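Fold and contact review
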Number of protein chains: 2
Amino acid sequence: MTEEKKENQKIVNLIIISDSVGDTAFNMVQAGAVQYPDVKFNYRRYPFITNREKLEKVFNEITEFENVLIAFTLIHEDEQLAAIKFAREHNMKYVDLLSGVIENIHSLTGEEPKHEIGAVHHMGQNYFDRISAMEFAVMYDDGKDPKGFLEADVVLLGVSRTSKTPLSLFLANKNLKVANLPLVPQTHIPDEIYKVDPKKIIGLTNDPSVLNEIRRQRMIAYGLNPDTTYSNMDSINAELDAANKLYKKLGCYVINVAHRSIEETAALIMEHLGIDDYAK
Amino acid sequence: MTEEKKENQKIVNLIIISDSVGDTAFNMVQAGAVQYPDVKFNYRRYPFITNREKLEKVFNEITEFENVLIAFTLIHEDEQLAAIKFAREHNMKYVDLLSGVIENIHSLTGEEPKHEIGAVHHMGQNYFDRISAMEFAVMYDDGKDPKGFLEADVVLLGVSRTSKTPLSLFLANKNLKVANLPLVPQTHIPDEIYKVDPKKIIGLTNDPSVLNEIRRQRMIAYGLNPDTTYSNMDSINAELDAANKLYKKLGCYVINVAHRSIEETAALIMEHLGIDDYAK
């Protein structure tokens, strides 16, 4: 940890215990922790805690900690109970993130859960489709091969610094085949783009002032004069205008990414495509 | 939905309501649902439900549904309570995934949560580092440019079909700069590889039988004779032997990906690098 503790700053030790990878538990805990910007959080994650012996080792490691919140996703009931017992005996807080979902499904259906660890990571067809989608995104990133546009589920067009690559990868992780094309001044638009169903095309744009600042920073990072053509407001406006004209011509959906995270932009795209229910 | 409902199969409608993207809630619900392989689940996700009006619209849409589990991650207490009230009045099950974390942190610290929606997606330095890491992974995928090996946090070496690309992207999403190199017979190993700290190098391998089956399937998909050199067991064994010799020479950490998902392999790598607590 490089950050120093501020005076009187409260500390919470967040212990994440999972019998699988623990990513979802980590993300959920983080979503709660960000609501407390003045608290210093120490995260400690214990993945693959698949039996009682491993769980006891975790307990040994954390037994002396203070201000502890234990968040766990454990499939087996005896391990859930062991975690609760340990937390209570050591005056720690705990939250069981997964049992509520499992128990409610049991109530609705009367079915018994199979208590299988790591079941979500089973490598079914869906899993291999996702891997293919990621390979597709890398292969057809940056307009590398125009035939990707015709095979893609989504085609992203965008001026520079509109996060085309990470957005493509994020959508690939949702099993979508994504190709992207950067729009730089005098870009030749491949004929394939006009053959794509406009519903599948997303036009990404940005605020001129945001682009200007990003480009100035980049010039400075390169040790160059920040007031070059690349960061000039007139050229930025011309570039954005040209992109907007193309989007209009194509009749595609346009998203301004200026104040949106990748996750938010991706959610808008999936909503637009009507696949927000992960039916694909 | 292309899948038909089996006779007497129980159905559960999983409604995910989030004031942000809803990915974490979706993943948590899915982790519970996979414990019931015989139940048919219909997922419906409502992201960006940031105020009471939007929440009421969701209620209107789902009010006639039966066998409902509502899972929500809502920051504002009045919306949490509205969701609970709605669920109770309509005889639906519900699970509040986020409040437990937020309330426990309050108990530990006495601090008040700031009740800010979407705080986890704020675009701080960490966010931009992650985008850079993704761009790095795409740029240095497939050994495209050997200088990437020297700048990378992790270098993945692997025979074909060991998921190098998706694994690189998954690790990039954890803010790690990853370069990878495919090991095919007679690969020239770039000098840069020998200059990398061996602790940063991961050697990926696979079971010969798994590789053989994958390659046979691929040949069949291409309409080719599956018993070509590419799928021949002798050549697979020779390839794996050559890779293992290189791994031994480098003294790197070796992972057999045969029965591991990307997430599991990534967790092993992060554990090996000592960054499982997301300290980076």
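Because the structure is predicted, anything quoted here is derived from the model rather than measured.

1. Section: the relation of the copies chain B and chain A
Placing chain B over chain A gives an RMSD of 0.1 Å and needs a rotation angle of 180°, together with 0.0 Å of translation along the axis. Put plainly, the chains are arranged around a two-fold axis. Looking at the interface residues of chain B, 100% of them are also at the interface in chain A, so both copies use one shared face.

2. Comments concerning the interface of chain B and chain A
Each side of the interface is counted separately: chain B has 81 residues, and chain A has 81 residues. Between chain B and chain A, roughly 7400 Å² of surface is buried when both sides are summed, and carbon and sulfur atoms account for 68% of that area. Taken together, the connections running from chain B to chain A amount to eight salt bridges. One salt bridge connects A:Arg161 with B:Glu135, and the closest N-O pair in it is separated by 3.9 Å. Where chain B meets chain A, there are 20 residue pairs in polar contact (both at pLDDT 80 or more). Those elements giving two or more residues to the side of chain B that touches chain A turn out to be helix H1 (23–33), strand E2 (40–46), strand E3 (68–73), strand E4 (93–96), helix H4 (99–109), helix H5 (125–139), helix H7 (164–172) and helix H11 (262–272) of chain B. In terms of residue count, the dominant contributor to the side of chain B that touches chain A is H1(B) (eleven residues).

3. Re the packing of aromatic side chains
Residues and elements named next belong to chain B. Within the structure shown, the criterion is met by six aromatic pairs over all chains. Both rings, one in Phe 26 and one in Tyr 43, keep their centres 5.0 Å apart while their planes meet at 50°; by these two values the pair is tilted. Of this pair, Phe 26 sits in helix H1 while Tyr 43 is found in strand E2, placing the two residues 17 residues apart along the sequence. The exposure class assigned to Tyr 43 is buried, which follows from its relative accessible area of 16%.

4. Some words on the UniProt feature "binding site: ADP" in chain A
All names here are of chain A. UniProt tags Gly 158, Val 159, Ser 160, Arg 161, Thr 162, Ser 163, Lys 164 and Thr 165 as "binding site: ADP". Looking at where Ser 160 falls in the secondary structure, it is placed in the loop between strand E5 (154–158) and helix H7 (164–172). The residue Lys 164 is located in helix H7 in this model. If we ignore the near neighbours within four places in the chain, the residues touching Lys 164 are Leu 156, Leu 157, Gly 158, Val 159, Asn 180, Leu 181, Pro 182 and Leu 204.

5. Things to note about the sheet that holds strand E1 (residues 11–18) of chain B
Residue and element names in this part refer to chain B. Reading across the sheet, the four strands line up as E2-E1-E3-E4 and stay open at both edges, with parallel pairing between neighbours. Edge positions in the open sheet fall to E2 and E4, since each of these has one partner strand only. Taking the axes of each pair of neighbouring strands and ignoring which way they run, one obtains an average angle of 20° across the sheet. When E3 meets E4, the two strands line up parallel, connected through four bridges. Residue Ala 71 lies in a different strand from E4, and its bridge partner there is Val 95. Sitting on the sheet, H1 touches E1, E2 and E3, and the angle it makes with E2 is about 170°.

6. Some thoughts on the packing of helix H1 (residues 23–33) of chain A against H4(B)
H4(B) packs onto H1(A) with a crossing angle of 50° between their chain directions and a minimal axis gap of 8 Å. Taken together, the axis directions place H1(A) and H4(B) in an arrangement best described as oblique. Regarding H1(A) and H4(B), the two cross each other, and that crossing is right-handed. Listed contacts from H4(B) to A:Val29, A:Gly32 and A:Ala33 of H1(A) are B:Val101, B:Ile102 and B:Ile105.

7. Concerning empty space enclosed by the protein
According to the stated counting rule, one finds one cavity of 30 Å³ or more in the structure shown. Of the voids in this model, the largest cavity is the one considered here, and its volume is about 30 Å³. Around the largest cavity sit A:Pro166, A:Phe170, A:Ile262, B:Tyr127, B:Arg130, B:Ile131 and B:Met134, which together line it. Elements represented by at least two residues in the lining of the largest cavity include exactly H7 of chain A together with H5 of chain B.

8. Details of the sheet that holds strand E7 (residues 201–205) of chain A
Residue and element names in this part refer to chain A. Pairing is parallel in the open sheet, where four strands are placed in the order E6-E5-E7-E8. If you trace the sheet from one side to the other, it starts and ends with strand E6 (178–182) and strand E8 (253–256), each paired once. Looking at each pair of strands side by side, their axes are set apart by 25° on average, direction ignored. The sheet contact formed by E5 and E7 spans four bridges and is parallel. In the strand pairing of E7, Val 155 is matched with Ile 201.

9. Observations concerning the nonpolar core
Counting residues in hydrophobic clusters, the biggest one holds 46 residues, and the most contacted among them are A:Phe41, A:Leu97, B:Phe41 and B:Leu97. Excluding anything up to four places from it in sequence, B:Phe41 contacts A:Ile105, B:Val12, B:Leu14, B:Ala33 and B:Tyr36.

10. Things to note about the pairing of strand E1 (residues 11–18) of chain A
All names here are of chain A. For E1, the tally of buried residues reaches seven of eight residues, placing the bulk of the element in the interior. Taken together, E1, H1 and strand E2 (residues 40–46) constitute a β-α-β crossover, and its handedness is right-handed. Summarising the sheet, E1 and strand E3 (residues 68–73) pair through six bridges and their orientation is parallel. Within E3, the residue paired with Ile 17 across the bridge is Phe 72.

11. Focus on the side chain of A:Ser18
Within the secondary structure, A:Ser18 sits in strand E1. Setting aside chain neighbours within four positions, we find A:Ser18 in contact with A:Tyr46, A:Pro47, A:Phe48, A:Ile49, A:Thr73 and A:Leu74.

12. Some points on H7(A)
Taken across its nine residues, H7(A) has nine buried, putting it largely inside the fold. Along H7(A), the residues classified as buried are A:Lys164, A:Thr165, A:Pro166, A:Leu167, A:Ser168, A:Leu169, A:Phe170, A:Leu171 and A:Ala172.

13. Thoughts on the environment of A:Glu64
Residues and elements named next belong to chain A. Here Glu 64 is to be found in the loop between helix H2 (52–62) and E3. For Glu 64, a relative accessible area of 69% puts it in the exposed group. Residues Glu 64 and Val 138, spaced 74 residues apart in sequence, show a C-alpha to C-alpha distance of 46 Å.

Criteria and thresholds
- Residues numbered from 1 in each chain as written.
- Chains lettered and ligands numbered in written order.
- Predicted model: local features only at pLDDT ≥ 70, side-chain atom pairs only at ≥ 80, totals over all residues.
- Heavy atoms only, no water.
- Least-squares fit on C-alpha atoms with pLDDT ≥ 70 in both.
- Contact = heavy atoms within 4.5 Å.
- Buried area = accessible area lost by both parts, 1.4 Å probe.
- Salt bridge = Lys/Arg side-chain N within 4 Å of Asp/Glu carboxyl O.
- Polar contact = N/O pair within 3.5 Å; in protein donor to acceptor, adjacent residues only side chain to side chain.
- Helix = DSSP H or I, 4+ residues; strand = E, 2+ residues; numbered from the N terminus.
- Phe/Tyr/Trp six-rings, centres within 6.5 Å; stacked < 30°, edge-to-face > 60°.
- Buried < 20%, exposed > 50% of the residue type's maximum accessible area, 1.4 Å probe, protein only.
- UniProt positions renumbered as here; feature names shortened; annotations may be inferred.
- Pairing = 2+ DSSP bridges.
- Axes fitted to C-alpha atoms, helices over the stretch in contact; angles between N-to-C directions.
- Parallel < 35°, antiparallel > 145°, perpendicular 65-115°, else oblique.
- Left-handed = near helix turned anticlockwise from the far one by under 90°.
- 1 Å grid on protein atoms, 1.4 Å probe; cavity = no way out; pocket = protein on both sides within 12 Å on 5 of 7 lines; lining within 4 Å.
- Points joined across faces, edges and corners; volume = space filled by probe spheres on them.
- Core = buried A, V, L, I, M, F, W, Y, C linked by side-chain atoms within 4.5 Å.
- Right-handed = clockwise from strand over helix to strand, strands pointing away.

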